[in-house]
Amino acid sequence: GVPARLTRGLMSAADAVVSLTQSGADTCGVPSRIIGHGVDVERFKPTEDKVSIKRHLGIQCSFTVAVIGRIRPNKGHGDFVDSVAPMLGERPDLSPIAIGAALGKHKRWLRKLISKTDGRLKHVEHVDDIRPWIQGVDVVVMPSHSEGFSLVVLEAMAAGVPVIAAALPHMSEIISDGENGFLYPTGDSKTLSSIIARLHSDPRLTSEVGAKGAISVRQNGHVNKEVQALNRLYLELIGSVKTSTPRYIPAGHQ
């Protein structure tokens, strides 16, 4: 959305402004450099043994669809439940999962969502490492009603997991609908349901879309691309001469 007055004041006083997406640049109100986030594609990569990962996580070897993120209405969990609840009776192997914390009044709301699925919605409140959960599920849904940037989408795509995302303005910059993922009108649970059903019924399509997503992130969403673009901007601002090519180094490594 349009930045608040304080944010606009800070941006106007800055030597440079970075936007994560073109839609963000269009609304920020000042000239900006577009540098999207990236992910470590060696850490989030496709697995050849999804069954073992599911077993380790305590997930039955079924078709698992997950939403990852803090649980609250504007994150779209209600749309997600409305999309899967009518399907569960005819698809006993379909397992919906919500991974993320539900705080305060949202705990009661979550219990209502679980009851809508007759207890089939699995809630995982806290995980130390999201990577195996992303690798272990079959589909990731990003149903948010508003979002500046969704890193989970890139992480899932990098891991070869097909993503179904609400068609927020910037999502078309990441996902080509029907090619490396799927987009649906924000809040449209019926369309979301039809896409989930299509993937559930067509394992080959699920695999193909996931593979294309992994390729697109490796080519365009690698964290090194973000690091190098930011480094170039910093060097331009301080007037230095580039002496080396920076690269992402995982935490804990020198």
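Up top is the structure these notes are about.
The structure displayed is predicted, hence computed values, not measured ones. (Residues numbered from 1 in each chain as written. Predicted model: local features only at pLDDT ≥ 70, side-chain atom pairs only at ≥ 80, totals over all residues. Heavy atoms only, no water.)

Quick rundown of the overall build of the protein? Include the residues and the values.
The helix and strand tally for the protein stands at ten helices and eight strands. Whereas a compact globule of 254 residues would reach a radius of gyration of roughly 18 Å, the protein reaches 19 Å, a difference of no more than 12%. Taking contacts inside the protein between residues at least 6 apart in sequence as the whole, the part at least 24 apart equals 65%. Side-chain charges in the protein split into 30 positive and 25 negative, and the spacing between the mean points of these groups amounts to 5 Å. (Helix = DSSP H or I, 4+ residues; strand = E, 2+ residues; numbered from the N terminus. Rg over C-alpha atoms; globule rule 2.2 N^0.38 Å. Contact = heavy atoms within 4.5 Å. Lys, Arg positive; Asp, Glu negative; His and termini not counted. Charge placed at Lys NZ, Arg CZ, Asp CG, Glu CD.)

So what's going on with the environment of histidine 170? Residues and values would help.
If you trace the backbone, histidine 170 turns up in the loop between strand E7 (163–166) and strand E8 (182–184). Owing to a relative accessible area of 2%, histidine 170 belongs among the buried residues under this scheme. Counting along the chain gives 23 residues from histidine 170 to glutamate 147, while the straight-line C-alpha distance between them is 8.9 Å. Sequence-distant contacts of histidine 170, that is, excluding residues within four places in its chain, are made with Thr21, Ser23, Glu147, Gly148, Phe149 and Ser150. (Buried < 20%, exposed > 50% of the residue type's maximum accessible area, 1.4 Å probe, protein only.)

Can you break down the side chain of serine 216 residue by residue, with the values?
Residue placement: serine 216 occurs in helix H9 (residues 203–220). The exposure class of serine 216 is buried, given its relative accessible area of 16%.

I'd love a proper account of the packing of helix H7 (residues 151–158) against H9, names of residues and values included.
Interhelical geometry of H7 versus H9 gives an angle of 115° and a closest axis separation of 7 Å. Of the possible angle classes, the one that applies to H7 and H9 is roughly perpendicular. Residues Leu154, Met157 and Ala158 of H7 form the contact with H9, whose own contacting residues are Gly210, Gly213, Ala214, Ser216 and Val217. Looking at the contact of H7 with H9 residue by residue, the classes come out as five nonpolar, three polar and no charged. (Axes fitted to C-alpha atoms, helices over the stretch in contact; angles between N-to-C directions. Parallel < 35°, antiparallel > 145°, perpendicular 65-115°, else oblique. Nonpolar A, V, L, I, M, F, W, Y, C, P; charged D, E, K, R; others polar.)

Requested: an account of the pairing of strand E4 (residues 94–99), with residues and values cited.
Among the six residues in E4, five count as buried, and that is most of the element. As defined by bridge partners, strand E3 (residues 63–68) adjoins E4 across six bridges and the pair is classed as parallel. Residue pairing in the sheet places alanine 66 in a bridge with isoleucine 97 of E4. For E4 and strand E5 (residues 122–124), the ladder comprises three bridges, and the chain directions are parallel. (Pairing = 2+ DSSP bridges.)

Go over the pattern of salt bridges with me, naming the residues and quoting the values.
Scanning all chains against the criterion turns up nine salt bridges. With a closest N to O distance of 2.7 Å, arginine 33 and glutamate 236 form a salt bridge. Placement of arginine 33 in strand E2 (residues 33–34) and of glutamate 236 in helix H10 (residues 223–238) is noted, with a sequence separation of 203 residues between them. For arginine 33, a relative accessible area of 33% corresponds to the partly exposed category. Arginine 218 is the partner of glutamate 42 in a salt bridge, and the nearest nitrogen-oxygen pair spans 3.0 Å. Taken together, the positions of glutamate 42 in the loop between E2 and helix H3 (50–57) and arginine 218 in helix H9 put the pair 176 residues apart, joining distant regions of the chain. Through salt bridges with shared partners, one network takes in Arg43, Asp129 and Arg131. (Salt bridge = Lys/Arg side-chain N within 4 Å of Asp/Glu carboxyl O.)

Purely geometric numbers; function is a separate question.
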